[in-house]
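Letter by letter, the chains look like this.
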Amino acid sequence: MRLLRAVYSLWAFLLLLVITQVAGPSQLPPGDQIARVRAYTRTIEFDYVTWTLDAVGVKFGQFALGTKDYLDTEGQHQLVLDYIDLVRQIQAGEATLTLIYADPNIDDPEAASAELRAQLEDYYRQRELLGPLAETVLQEQVNAIAAELGLTLGGQSIPPVLFHSTPLPWALIISPRQVIQQDSNISLQVDLTVEQHVVLEQAIEEGLDLSALVVPVGGIGVYPTMVGQTSSLNWLAEVICHEWTHNFLTLRPLGLQYDASPELRTINETVASIAGTEIGEALIEHFYPELAPPPPSTSSDEVQPSSVPAEPPAFDFRAEMHTTRITVDELLADGKIEEAETYMEARRLMFWEHGYRIRKLNQAYFAFYGAYADVPGGAAGEDPVGATVRELRAQSPDLATFVRRVAWVSSFEQLQALL
């Protein structure tokens, strides 16, 4: 067993080198736009090399020890739930700590939070021990579901499912002002504040006449993949599967050409979102059925008496964002950049009034969120790419057939030809 783990570890490491080389940042000539943007970000960019080496060390440690093998199925199930509950306690404690330091009525926040900070330190130590074990269990569960769905070779996913849950870097998205198009996605250090985000965006917009936005991400498809820490196992399962799908595609033409065009980026993200959702939901239903959402009700809606006034329709965020994107595209196509930006700010205020706390709505916002088109409407607007991917999934007999067919696509025209 130890020899098998060593061989498996070596194989994973070799795949790590391949994927890192493919997924790593490209080196562009100094005159290119990304080099000009990086003049603003170079000192605050995220260090992927150090993070990857640390994550690989954690994974190799788990392979060598095989601690998870001493737990039966029920023990593994409970271990993951305990880890999720621990993350929930940490997040609640950190939120309370923030409030203590922000409360003007507390004269000595350090003294007031002493007990809480000691408790958090204990939680952090528990997470350091429990986290890698829970990750190992979830990796094998994802592999088992992928095998059931026909996405493995001889029961083994290629590349092997490897992820590490961690605080994630921020993503700086750059788009031209005259058209919605993601030209750059630069990872920034985890501990940057909102104030620093705003200052950076303003400096780039004023200095380079571009649209800039710093956004949070849920995961990153390096290897091992980076996944955000969360108290929602359902969300965690989908993100793990989403990022593993990116690893799967990276060894095939679609993933290799992720940045070749905006269309290919949208195809990649939409495929990963569809696969991540389906694999993640299957994992929850199989291993954690108590967390699976209830099936939709089959009972007919009760007929309201005619004397009872109908409630006004609820605010539809996706529909309103879809309308916003279409209008912005039309204004930009007519060369009305300032009008489009004024309109986006007005719409942002409208979203804010309905409870959607969007800090900034601009071209970069749509360039980033519009690439995730697994559900109709929303920030993608009338972009036909996402709809074509969804149609291909609808025409495919199963998820494995869909993923394997689309993995060999290298252009939007080739995707259309599959239909």
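Analysis parameters
Residues numbered from 1 in each chain as written. Predicted model: local features only at pLDDT ≥ 70, side-chain atom pairs only at ≥ 80, totals over all residues. Heavy atoms only, no water. Helix = DSSP H or I, 4+ residues; strand = E, 2+ residues; numbered from the N terminus. Buried < 20%, exposed > 50% of the residue type's maximum accessible area, 1.4 Å probe, protein only. Contact = heavy atoms within 4.5 Å. Areas by Shrake-Rupley, 256 points an atom, 1.4 Å probe, with all protein chains shown as cover. Phe/Tyr/Trp six-rings, centres within 6.5 Å; stacked < 30°, edge-to-face > 60°. Lys NZ or Arg CZ within 6 Å of the ring centre and 35° of its normal. Pairing = 2+ DSSP bridges. Salt bridge = Lys/Arg side-chain N within 4 Å of Asp/Glu carboxyl O. Core = buried A, V, L, I, M, F, W, Y, C linked by side-chain atoms within 4.5 Å. Axes fitted to C-alpha atoms, helices over the stretch in contact; angles between N-to-C directions. Parallel < 35°, antiparallel > 145°, perpendicular 65-115°, else oblique. Left-handed = near helix turned anticlockwise from the far one by under 90°. Nonpolar A, V, L, I, M, F, W, Y, C, P; charged D, E, K, R; others polar.

What the protein chain contains, in helices and strands, is 16 helices and six strands. Among the 419 residues that make up the protein chain, the fraction classed as buried is 43%. Taking the contacts inside the protein chain whose residues are at least 6 apart along the sequence as the reference set, 74% of them involve residues at least 24 apart. Total accessible area computed for the protein chain in this model is approximately 21500 Å², and 56% of it derives from carbon and sulfur atoms.

Moving on: the packing of aromatic side chains. Under the definition given, this model contains 10 aromatic pairs. Judged by centre distance (5.6 Å) and plane angle (85°), the rings of Tyr-365 and Phe-366 are edge-to-face. Chaining the aromatic ring pairs together yields one cluster made of Tyr-365, Phe-366, Phe-368, Tyr-369 and Tyr-372. The ring of Phe-163 carries the charged tip of Lys-59 above its face, separated from the ring centre by 5.4 Å. Over the ring of Phe-248 we find Arg-252, and its NZ or CZ is 3.7 Å from the ring centre.

Take the pairing of strand E2 (residues 170–176) next. Counted residue by residue, E2 has six buried out of seven residues, so it is predominantly covered. Judged from the five bridges that link them, E2 and strand E3 (residues 184–188) form a sheet pairing that is antiparallel. Bridging across to E3, Leu-172 finds its partner in Ile-186. Across six bridges, E2 lies against strand E4 (residues 210–215) in antiparallel orientation. Directly across from Leu-172, in E4, lies its bridge partner Val-214.

Within the secondary structure, Gln-139 is located in helix H6 (residues 114–148). Given the relative accessible area of 6%, Gln-139 is considered buried. Each C-alpha atom, one on Gln-139 and one on Phe-163, is 7.4 Å from the other, the two residues being 24 residues apart in sequence. Residues in contact with Gln-139, not counting those within four places in the same chain, are Lys-59, Val-161, Leu-162 and Phe-163.

This part takes up the pattern of salt bridges. According to the stated counting rule, one finds 15 salt bridges in the structure shown. Residue Arg-359 pairs with Glu-201 through a salt bridge whose shortest N-O separation is 2.6 Å. Of the two residues, Arg-359 is situated in the loop between helix H12 (337–353) and helix H13 (363–369) and Glu-201 in helix H7 (residues 194–208); the sequence distance between them amounts to 158 residues. Looking at Arg-359, the relative accessible area reads 33%, which means it is partly exposed. Across the pair Arg-325 and Asp-329 runs a salt bridge, and its minimum N-O distance is 2.9 Å. Note that Arg-325 and Asp-329 are positioned in helix H11 (residues 317–333) at a spacing of four residues, about one turn of the helix. Take Asp-329: its relative accessible area is 28%, and that puts it in the partly exposed class. Several salt bridges share partner residues, and in doing so they unite Arg-177, Asp-209, Glu-338 and Glu-341 into one network.

Now for the nonpolar core. Residues Ile-267 and Tyr-288 are the most contacted members of the largest nonpolar core, which totals 48 residues. If you list the elements that add at least two residues to this core, you get helix H4 (73–102), H6, helix H8 (233–250), helix H10 (262–287), helix H14 (384–395), helix H15 (399–406) and helix H16 (412–418). If we skip the residues at most four places from it in the chain, Tyr-288 touches His-77, Val-80, Leu-81, Val-137, Leu-138, Gln-141, Leu-233 and Leu-283. Core analysis: the next-biggest nonpolar cluster, separate from the first, contains 22 residues, Leu-213, Ala-340, Leu-361 and Phe-366 among them.

Let us now look at the packing of helix H2 (residues 33–41) against H7. Each pair of packed helices gets described by two things: the angle between the helix axes and the distance between those axes. Contact pair H2 / H7: the axes reach a minimum separation of 10 Å and the direction vectors enclose 140°. Compared by their axis directions, H2 and H7 come out oblique. Between H2 and H7 lies a crossing whose hand is right-handed. Residues Arg-36, Val-37, Tyr-40 and Thr-41 of H2 lie in contact with H7, whose contacting residues are Leu-200, Ala-203, Ile-204, Gly-207 and Leu-208. Residue composition of the contact of H2 with H7, by class: six nonpolar, two polar and one charged.

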